[in-house]
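Coordinates in review
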Amino acid sequence: LLIFGSTVNLLSLLGMITLSGVVVNNGIILVDYVNLLRVQRKEVLAKVKGHQNKDCEWEIELPVEEENELTRECILDGASSRLRPILITTLTTLLGDIPMAVATGEGSEMYAPMGQVIVGGLFSSTVITLLIIPVLYELLEKKVVAEAAEAEAEKQAAEEAKQKAKEEAAAEKQRLKEEEAARKAAEKAEAAKEKKKKQAIKNVASSATGTIGREI
């Protein structure tokens, strides 16, 4: 509107509403196809390198670098594949609205702003759809993958710490059990020794008593 010297009015606002539908549709087409490629290629990798879960579905856990590389490949292939339908959709709308946007006849000041909004918005939104959306998609997916990997590492570290604590508790319990068994064995040995000593004293006393009796 600024380039054409027009103002914001009711028809230009209607043009924005019309434009939003086309722009969102192009973005959805691109992102949905990239997601579809990711799912398909991950299934192929899972069948080659992965394993089946209890529901007989193939699964695979890719390292962060491989996951990011897979995402990049899917973005490049998806953007190049959806380039033609997005451009065709945009060009057909542009060619239909350019005459309205550049009209100079009687009454054009009323409907020209709507065409100008649609033409300018389609041009800029196509650039955004084909260039900026893939970049943002990759950055966001990298962040999601990194957070998932970090959460998995923390979970694994917590499980290892729990397992280590469990092993230490079991070792401590076994040590206490062995110490208790050794203490009981020592007490038993000491009791046996004391009993043997008492028996020896008793035998000596009996022998001395017998000797004294014989002498008397």
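Each chain has its residues counted from 1, following the order in which its sequence is written. pLDDT decides what is reported in this predicted model: residues at 70 or higher carry local features, side-chain atom pairs at 80 or more are listed and counted, and totals for whole chains, interfaces and linings draw on all residues regardless. Only hydrogens and water are set aside when side-chain values are computed; all heavy atoms of the structure are taken into account.

It is worth spelling out the overall build of the protein at this point. Labels follow the DSSP assignment, with helices taken as runs of H or I lasting at least four residues and strands as runs of E lasting at least two, numbered in each case from the N terminus. Looking only at helices and strands, one finds three helices and two strands in the protein. Along the protein, from the amino end to the carboxyl end, the secondary structure elements read α-β-β-α-α. Three labels apply to residues, based on accessible area from a 1.4 Å probe with only protein chains included: buried if under 20% of the type maximum, exposed if over 50%, partly exposed otherwise in between. Per-residue burial over the protein gives 22% buried out of 216 residues. Residues are treated as being in contact if the distance between any of their heavy atoms lies within 4.5 Å. For the protein, long-range pairs separated by at least 24 residues make up 72% of all intrachain contacts whose partners lie at least 6 apart in sequence. Per-residue and other accessible areas follow the Shrake-Rupley method at a 1.4 Å probe size, with only the shown protein chains counted as cover for residues. Here the protein has roughly 15700 Å² of accessible surface; of this, 62% comes from carbon and sulfur atoms.

Turning our eyes to something else, we now look at a nonpolar patch on the surface. On the surface, a nonpolar cluster with roughly 750 Å² of combined accessible area is contributed by Phe 123, Val 127, Ile 128, Leu 131, Ile 132, Val 135, Leu 136 and Leu 139. Turning to its location among the elements, Leu 131 is positioned in helix α3 (residues 108–215). Of the residues examined, Leu 131 reaches a relative accessible area of 54% and is grouped as exposed. Note that patches include only residues with greater than 30% relative accessible area and no salt bridge, and the join distances are 9 Å for like charges and 5 Å for nonpolar side chains (Val, Leu, Ile, Met, Phe, Trp, Tyr). Salt-bridge detection follows one rule: a side-chain nitrogen of Lys or Arg within 4 Å of a carboxyl oxygen of Asp or Glu.

Tallied over the full model, the rule gives ten salt bridges. Of the charged contacts, one joins Arg 38 and Glu 141 as a salt bridge, the two residues approaching to 2.8 Å between their closest N and O atoms. Of this pair, Arg 38 sits in helix α1 (residues 10–49) while Glu 141 sits in helix α3, placing them 103 residues apart in sequence. Note on accessibility: Arg 38 and Glu 141 belong to one class, buried. A single salt-bridge network, built from bridges that share partners, covers Arg 38, Lys 42, Glu 67 and Glu 141.

Turning our attention to the nonpolar core. Judged by nonpolar contacts, Leu 30, Val 34, Leu 37, Ala 46, Ile 60, Leu 62, Leu 70, Cys 74, Ile 75, Ala 79, Ile 86 and Tyr 137 together constitute the single largest core of twelve residues. Elements supplying a minimum of two residues to this core: α1 and α2 (64–101). The dominant element in this core, judged by the number of residues it contributes, is α2, at five residues. Apart from the residues within four sequence positions on either side, Ile 75 is in contact with Val 34, Pro 134, Tyr 137 and Glu 138. Among the nonpolar cores identified, the runner-up in size contains eight residues, and Leu 19, Leu 94, Ile 118 and Leu 122 belong to it. Nonpolar cores are built from buried Ala, Val, Leu, Ile, Met, Phe, Trp, Tyr and Cys residues. Side-chain atoms within 4.5 Å join them into one set.

Let us look at the packing of aromatic side chains. Under the pairing criterion, centres of Phe, Tyr and Trp rings, with the six-membered ring standing for Trp, must be within 6.5 Å; the plane angle then separates stacked pairs below 30 degrees from edge-to-face pairs above 60, leaving the rest tilted. Here the structure, examined in full by the defined rule, presents zero aromatic pairs. Over a ring means this: the NZ of a Lys or the CZ of an Arg is within 6 Å of the ring centre and within 35 degrees of the ring normal. The residue whose ring lies beneath Arg 82 is Tyr 33, and the NZ or CZ to ring-centre distance is 4.2 Å.

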